[in-house]
Amino acid sequence: MQKKEKILKAKGKALMGTFLPHLKGTAEFETVVMPSVAEVILPFSQHIGAPAKPVVEEGQQVFVGTLVAEADGFVSAPVHSSVSGTVKKVNKDSVVIESDGNMTPDESLAPFEVNTPQDLAEAASKCGLVGLGGAGFPTKVKLSIKEGTVIDTLIINAAECEPYITSDYRECMENYDDVINGIYLIKDVLNIPNAIICVESNKEAAIKKLYEIATDVRDTDDSVKLMRLQSKYPQGAEKVIIYSATGRKVPAGKLPSDVGCIVMNITSIATLYRFIKTGMPLVQKRITVDGTAVSDPKNVIVPIGTPIKEVLSFVGVDDDYSEIIMGGPMMGVDVVSAEAPIEKRNNAITVMKNALPETTTACIRCGRCANTCPMKLYPAKVDSAISFSLYDNLNSLNVNYCMECGCCSYVCPAKRPLTQTMRLAKSILRRKK
Amino acid sequence: MSKILNVSSSPHLRHSDTTQGIMLDVVIALVPAAIFGCVVFGWRAALVLAVCIASCFIFEFLWNIILKKQQSAFDLSAIVTGLLLGMNLPSTIPLWMAVVGSFVAIVIVKQLFGGIGHNFANPAMTARIVLMVSFPVAMTSYIEPFTVDAVSSATPLAALYGDAASAVTVKDAFFGIQGGCIGETSAFLLIIGGLYLVLRRVINPIIPVCFIGTVALASLIAGQNVGLCVLSGGLMLGAIYMATDYTTSPTTNLGKAIFGICCGLITFIIRNFGALPEGVSYSILLMNILTPYINRLTTRKPFGYVKVKEGK
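Position numbers for residues start from 1 in each chain and track the written sequence from start to end. Chains and ligands are labelled by the order in which they are written, letters from A for the one and numbers from 1 for the other. In keeping with the predicted nature of the model, local features appear solely for residues at pLDDT of at least 70, side-chain atom pairs appear and are counted solely at 80 or more, and the whole-chain, interface and lining totals rest on all residues. Hydrogen atoms and water are omitted, and side-chain values are computed over all heavy atoms in the structure.

**Quick look at the overall build of chain B**
- Each helix corresponds to a stretch of at least 4 residues labelled H or I by DSSP, and each strand to a stretch of at least 2 residues labelled E; elements are numbered beginning at the N terminus. Each helix and strand counted, chain B has 14 helices and zero strands in total.
- Sequence-ordered secondary structure for chain B, helices as α and strands as β, is α-α-α-α-α-α-α-α-α-α-α-α-α-α.
- C-alpha atoms define the radius of gyration in this analysis, and the globule rule sets the expected value at 2.2 Å times the number of residues to the power 0.38. On C-alpha atoms alone, chain B measures out to a radius of gyration of 21 Å, which is about the 20 Å that the 2.2 N^0.38 rule sets for 312 residues.
- Overall, the C-alpha framework of chain B stretches about 80 × 45 × 35 Å when taken along its three principal axes.
- When burial is assessed residue by residue, chain B has 54% of its 312 residues classed as buried.
- In chain B, once contacts between residues fewer than 6 apart in sequence are set aside, the share between residues at least 24 apart is 73%.
- Just so you have it, chain B exposes about 13700 Å², and 70% of that area is on carbon and sulfur atoms.
- Charged-residue counts in this description rest on Lys and Arg as positive and Asp and Glu as negative, His and the chain ends being excluded. Working definition for charges: the position is that of NZ of Lys, CZ of Arg, CG of Asp or CD of Glu. Of the side chains in chain B, 18 bear a positive and 12 a negative charge, and the two mean positions are spaced by 18 Å. Whether a residue is buried, partly exposed or exposed follows from its accessible area with a 1.4 Å probe, protein chains only, as a fraction of its type maximum: under 20%, in between, or over 50%, in that order. Any two residues having at least one pair of non-hydrogen atoms within 4.5 Å are treated as being in contact. Values of accessible area rely on a 1.4 Å probe in the Shrake-Rupley scheme; residue burial ignores everything except the protein chains shown.

**Here's the deal with the pattern of salt bridges**
All names here are of chain A.
- Salt bridge criterion: a side-chain nitrogen from Lys or Arg within 4 Å of a carboxyl oxygen from Asp or Glu. What the rule picks out here adds up to 27 salt bridges over all chains.
- Across the pair Glu30 and Arg170 runs a salt bridge whose closest N-O atoms are separated by 3.7 Å. Here Glu30 is found in the loop between β1 (7-9) and β2 (32-33), whereas its partner Arg170 is found in helix α3 (residues 167-174), with 140 residues between them in sequence.
- Judged by relative accessible area, Glu30 falls into the exposed class, the value being 57%.
- A salt bridge links Arg274 to Asp178; the nearest nitrogen and oxygen atoms lie 2.9 Å apart. Remark: Asp178 occurs in helix α4 (residues 176-189) and Arg274 occurs in helix α7 (residues 266-278); sequence separation between them is 96 residues.
- For Arg274, a relative accessible area of 25% gives the class partly exposed.
- Looking at Asp178, the relative accessible area reads 8%, which means it is buried.
- Here the salt bridges do not stand alone but share partners, grouping Glu28, Glu30, Arg170, Glu171, Glu174, Asp178, Arg274, Lys277 and Arg286 into one network.

**Observations concerning the interface of chain B and chain A**
- Opposite the 39 residues of chain B that make contact, chain A presents 59 residues.
- Viewed at the interface, chain A and chain B are joined by one salt bridge.
- In this structure, the salt-bridge partner of A:Arg368 is B:Asp17, at a minimum N-O distance of 2.8 Å.
- N or O atoms closer than or at 3.5 Å make up a polar contact, with two conditions inside protein: a donor-capable atom paired with an acceptor-capable one, and, for residues adjacent in sequence, both atoms drawn from side chains. Linking chain B to chain A there are 24 residue pairs in polar contact (both at pLDDT 80 or more).
- Residue classes in the side of chain B that touches chain A are distributed as 13 nonpolar, 19 polar and seven charged. Lys, Arg, Asp and Glu make up the charged group, whereas Ala, Val, Leu, Ile, Met, Phe, Trp, Tyr, Cys and Pro make up the nonpolar group; the residues left over, Gly among them, are polar.

**Description of the packing of α3(A) against helix α5 (residues 204-214) of chain A**
All names here are of chain A.
- For every element, the axis is a line fit to its C-alpha atoms; helices are fit only across the contacting stretch, and the angle between N-to-C directions ranges from 0 to 180 degrees. The contact between α3 and α5 brings their axes to 10 Å, and the two run at 40°. The orientation of α3 relative to α5 falls into the category oblique. The handedness of the crossing between α3 and α5 comes out as left-handed. Only Ala205, Ala206, Lys209 and Leu210 of α5 make contact with α3, whose side of the interface consists of Tyr169, Cys172 and Met173.
- By residue class, the composition of the contact of α3 with α5 is six nonpolar, no polar and one charged. Any angle that is under 35 degrees is reported as roughly parallel, and any over 145 degrees as roughly antiparallel; angles of 65 to 115 degrees are reported as roughly perpendicular and all others as oblique. Handedness of a helix crossing follows the sense of rotation of the near helix relative to the far helix, less than a right angle counterclockwise being left-handed and clockwise being right-handed.

**What to know about the side chain of A:Ser409**
- Its location among the elements puts A:Ser409 in helix α12 (residues 407-411).
- Judged by its relative accessible area of 1%, A:Ser409 falls in the buried class.
- A distance of 2.9 Å separates a polar atom in the side chain of A:Ser409 from the backbone nitrogen of A:Thr419.
- In contact with A:Ser409, other than residues within four places in its own chain, are A:Arg416, A:Pro417, A:Leu418, A:Thr419, B:Pro11 and B:Arg14.

**Observations concerning the state of the cysteines**
- Cysteine sulfur atoms are paired as a disulfide whenever they fall within 2.5 Å. Overall, the coordinates contain zero disulfides over all chains when judged by the stated rule.
- Between B:Cys262, a free cysteine, and B:Cys263, which holds the nearest cysteine sulfur, the sulfur-to-sulfur gap is 7.4 Å.

**Points about the nonpolar core**
- Here, nonpolar core refers to any group of buried Ala, Val, Leu, Ile, Met, Phe, Trp, Tyr and Cys residues whose side-chain atoms link them within 4.5 Å. The biggest cluster of nonpolar side chains holds 84 residues, and the ones touching the most others in it are A:Leu210, A:Ile213, A:Leu272 and A:Ile324.
- Of all the elements, α4(A) adds the most residues to this core, at seven residues.
- Those residues in contact with A:Ile324 that lie beyond four places of it in its chain are A:Ile308, A:Leu312, A:Val333, A:Asp334, A:Val335, A:Ala338, A:Ile349, A:Thr350, A:Val351 and B:Leu5.
- By size, the runner-up hydrophobic cluster in this structure holds 75 residues, among which are B:Ile22, B:Leu190, B:Phe211 and B:Leu237.

Pasting the structure below:
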């Protein structure tokens, strides 16, 4: 009965990248909902772009889904309360809300009517949706397609190439209906002829599940396809996945829409559909809590703004942890304090036990960094240019193409911090301008 | 609870390979052929190897102490250099010459240019060339397998390209029953070691395959005994273990292919038209010097490259 030909193979040449340990130990565990928290901290800047502007006052009563800060400009996203209670404090960069423990939803929330592409962008904006794969780019901007741009492919990014993280996988296993309805809605409203759902080959169960989408009755003209990608990091990076799915290369400084593609994370699609169906904006997030210091890892649904330490004490971490990473171990950012809140763009909290070894040797010029770089750069040459202060060379080494995926540092046998050096090189170039 | 957290730049995962681990892999790959050399050429061969390894290690160790540098002797790269150098010497060589070779390799070729990763030529191979030029008689006094007398005999290679008839069969050459340097005789064990390195992803097979393939093809066209051309002399040792030296070979796959093919051609030309019987080390040295230019020629354009107008 299965139409096997609907599972496509990647179009582009094999990704350079690197094979990482998958460490997806939480994949088959049902997501746990975290009980209500006493207090949430909602930062105004949980996305790329201008921080949101607060619209609430101290002492004001808010409900789940109440707008607390509005988008400030085009590239920005609003923030909604994730609990019901009172506004305790409005800081310069965040709002603190004390929960009453009831989680009462805001009564004014209503389903959203979507008929035109403008409606869809409006819905993404009202929802406060940002790219949930980790980048945090406001979805409204992505869906506001310029006049005259032809989009022929919707790429649904379910690659989830970072180790440990399984939150997108759980989304597609548990909220399958939202995913499938979301895909068809976006495809129909934007009138995109093709949709490709991209999954890494290490998620066989998800491939089986998503295969049903590709063979759904609504797909009358056979336009939704499933693609099995090599389980290689960084398969889920935007430019990489476009190349894998369509064979098109996004030129430097251009957007996916310039090559006729829109890439959306699978959880973003499901979240957008839920907002349109119920009117409830993005107020909670499924995150994977895993890492070497987590003995009982799991996926938890937490209200956005929950302090990380609350999540950690709910899941339970070993006492000797030394590092908390917001996101996965490859591109995640270390937090300075466990008081920091969960943000919209978080899809994981990785807690590690041991610090990385500090001893580095001189570069032995094995060339592994260059042969793993998905952007085909030469990190070792940048490293040497920086150490000799040859800053004029940085431009010709194209350091601005670097997407900081971390492959070069990962493979380096001399344990040189190459990704950090690439960041340094980029900031040197910025300052020179 | 205010715990001081560790904060570092991503990525927070690292591959388990280390510089030391890679060097250890090379040693592991070389050891079977080295032991075989000791079996064939006797205890004197073992002594030469030991002297080379020890002196390379001591030179590296002392250099770092005298110049107050970070101690790099324990990254095993000096051990690899010593082992390779020893395997490139005949078992009859006076021990002081082996020490001179180690000095050239570690101090002159490696450390004077900045240590590991900065040398422009392979240290062990350059040391072999220096010894060859300085002490040609001692460097070519090969003994027959399983004999103890230092009776110098023509190598199969010299016989192949000279007038003397070779008594060595392809089978003998493959398994290493032939005269020559300590470590270069057994093509079989060298290839096994090379496969180990390829499987461990320490070396890329492009250079050895192109190098050996080019020599084989050229001798086939010239109508020579392909088996003996490929299996005797220093070709296996040079192509698998010296031409693949990270520092002195090109980075990209295309660059590696060019490097390997050119090495093969130069080897063939020297063997046939040069005054020397063996050309492997000279061809690698020449290509080492050309490596920066090959690297520049084969620089890849980044993914999605857009040309930037000059003068901005």
